[in-house]
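In case you want the letters, here they are:
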Amino acid sequence: MIPVSFDYQVASSVDDASRLLEQGGEAAKLIAGGQSLLPLMRLRLTRPTLLVDIGRLAELSYIKKSGDGIVIGALTRHHDLEYSSVLKRACPLLAYVAGLVGDPQVRHRGTIGGAVAHGDPASDVPSALLALEADFVVRGGKKERTIAATEFFTGLLETALRPGELLTEIRVPRLDANKHGWSYQKFRQRAQDWAIVGVAAVVEKENGSINRAAIGLTNMGPTPLRASAVEQALSGGDATAIGEAAERAAGEGDPSSDINGSADYRRHLVQVLVRRAVEEALSR
């Protein structure tokens, strides 16, 4: 299908993008890679009256160490995340997950900021950022605020971004290879498909025991979500209880039924993937 008519403006800076967004109101949308937005526009599931192109803002594309963490510009492409030597050493989960997004063409065009701001519950990157307990920096005019990943995703394709605001930076912690294990388990029909269910796990371990676990779930509800019941069962527990803890994943979220699987199928599948993810995280 063909999208409805819209105006198009190229932003010259972050401040300019914020100004244009504010002028356009709720019907204005940002576009960079367009890998999430354009398909929705073609299906007329979203009908923006103004597209603000931020794809040329080179200052928003970077991966850098900062204190105890890593800061990532919102326009950093998935391909750059996948092959970043900084991420591979300090936060390998995010580099690995970026390599599973779509196909090479999508990874060369799509951006981490777009994946986050789109808020798709079937997207791999948001659930990984939830497990990493990332923070998102957003700008609106001259004001800047930081939103925790756990508070960012508010509904189906909805986020905590306000009119006139844009996501500028993602902050993730460094994972200590001696203390942390990680995994991302994704079940799909074909290599480039969205996850039917996905599970991101970050485990803090000591002498075969789990001190703390953070679990992000993909496609188990209207938003990317944390598996809080599973985390509670795992934290401070013996590794032999993983199977028991994984069973709690069936009660997390509110999965839908579609052509790829029923809600009950997803509830069963998530238990299997949580167990695999935690076991792999402990083995690293």
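Right above here is the structure, for reference.
Calculation criteria
- The numbers attached to residues start from 1 for each chain and follow its sequence in the written order.
- Confidence filtering applies because this is a predicted model: local features only for residues at pLDDT of at least 70, side-chain atom pairs given and counted only at 80 or more, and all residues used for totals across whole chains, interfaces and linings.
- For the side-chain quantities, the full set of heavy atoms in the structure was used; hydrogens and water were omitted.
- Here a helix means four or more residues in a row that DSSP labels H or I, a strand means two or more in a row labelled E, and each is numbered from the N terminus.
- Computation of the radius of gyration draws on C-alpha atoms alone. For the globule rule, the value is 2.2 Å times the number of residues to the power 0.38.
- For each residue, the accessible area found with a 1.4 Å probe, counting protein chains only, is set against the maximum for its type, and the residue is called buried under 20%, exposed over 50%, and partly exposed in between.
- To be clear on the numbers: accessible area is Shrake-Rupley with a 1.4 Å probe, and residue cover counts the displayed protein chains and nothing else.
- In this tally, Asp and Glu contribute negative charge and Lys and Arg positive charge; neither His nor the terminal groups of the chain are included.
- Here the site of a charge means atom NZ of a Lys, CZ of an Arg, CG of an Asp or CD of a Glu.
- Note: two strands are recorded as paired if DSSP finds a minimum of 2 bridges between them.
- Axes here refer to lines fitted to C-alpha atoms; in helices the fit is confined to the stretch in contact. Angles between the N-to-C directions go from 0 to 180 degrees.
- For this analysis, residues touch if any pair of their heavy atoms sits within 4.5 Å.
- Aromatic rings from Phe, Tyr and Trp, with only the six-membered ring used for Trp, were paired whenever their centres fell within 6.5 Å, and each pair was classed as stacked if the ring planes differed by under 30 degrees, edge-to-face if by over 60, and tilted otherwise.
- Comment: the charge-over-ring label is applied if NZ (Lys) or CZ (Arg) is within 6 Å of the ring centre and within 35 degrees of the ring normal.

A few points about the overall build of the chain
Helix and strand counts for the chain come out as 12 helices and 15 strands. Relative to the compact-globule value of 19 Å for 284 residues, the chain shows a C-alpha radius of gyration of 19 Å, a close match. Each principal axis of the C-alpha atoms in the chain carries an extent, and together these give about 55 × 45 × 30 Å. Taking all 284 residues of the chain together, 52% fall into the buried category. Split by element, the accessible area of the chain, about 13,100 Å² in all, is 46% carbon and sulfur. Taking the average location of the 33 positive side-chain charges in the chain and that of its 34 negative ones, the two points are 5 Å from each other.

A look at the sheet that holds strand S5 (residues 69-73)
Here 5 strands make up an open sheet; going across it, the order is S4-S5-S10-S6-S7 and the pairing antiparallel. Of all strands in the sheet, those bounded by a partner on one side alone are strand S4 (63-66) and strand S7 (143-148). Strand-to-strand, the axes of this sheet are offset by a mean angle of 25°, without reference to chain direction. Sheet topology places strand S6 (residues 135-140) next to strand S10 (residues 165-173); 6 bridges connect them, and they run antiparallel. Residue pairing for S10: Phe-136 is matched across the bridge by Ile-170. Each of S6 and S10 touches helix H1 (residues 14-24); the most contacted strand, S10, lies at about 130° to it.

Section: the sheet that holds strand S1 (residues 7-10)
Strand pairing in a sheet relies on backbone hydrogen bonds. The paired strands run either parallel or antiparallel. Read across the sheet, 3 strands follow the order S1-S3-S2 without closing on themselves; strand pairing throughout is parallel. Edge positions in the sheet fall to S1 and strand S2 (28-31), since each of these pairs with one other strand and no more. Looking at each pair of strands side by side, their axes are set apart by 25° on average, direction ignored. In the sheet, S1 pairs with strand S3 (residues 50-53) via 4 bridges, with the strands oriented parallel.

Focus: H1
Taken together, the buried positions of H1 are occupied by Val-14, Asp-16, Ala-17, Ser-18, Leu-20 and Leu-21. Its buried side turned inward, H1 meets S1, S2, S3, S6 and S10. With its phi angle positive at about 70°, Gly-25 sits one or two positions after the end of H1.

As for the packing of aromatic side chains
The final tally for this structure, using the stated rule, is 4 aromatic pairs. The interplanar angle of 50° and the centroid separation of 5.7 Å between the aromatic rings of Tyr-96 and Trp-182 together place this pair among those described as tilted. Pair noted here: Tyr-96 is in helix H5 (residues 92-98) and Trp-182 is in strand S11 (residues 180-187), with a separation of 86 residues, a long-range link. Residue Trp-182 is classed as buried on the basis of its relative accessible area of 11%. Arranged with centres 6.2 Å apart and planes meeting at 75°, the rings of Phe-136 and Phe-153 form a pair that is edge-to-face. Separated by 17 residues along the polypeptide, Phe-136 in strand S6 and Phe-153 in strand S8 (residues 153-155) bring together distant segments of the chain. Through a chain of ring-to-ring contacts, the aromatic side chains of Phe-136, Phe-152 and Phe-153 assemble into a single cluster. Looking at Arg-284, its charged tip hangs above the ring of Trp-182, at a distance of 3.6 Å from the centre.

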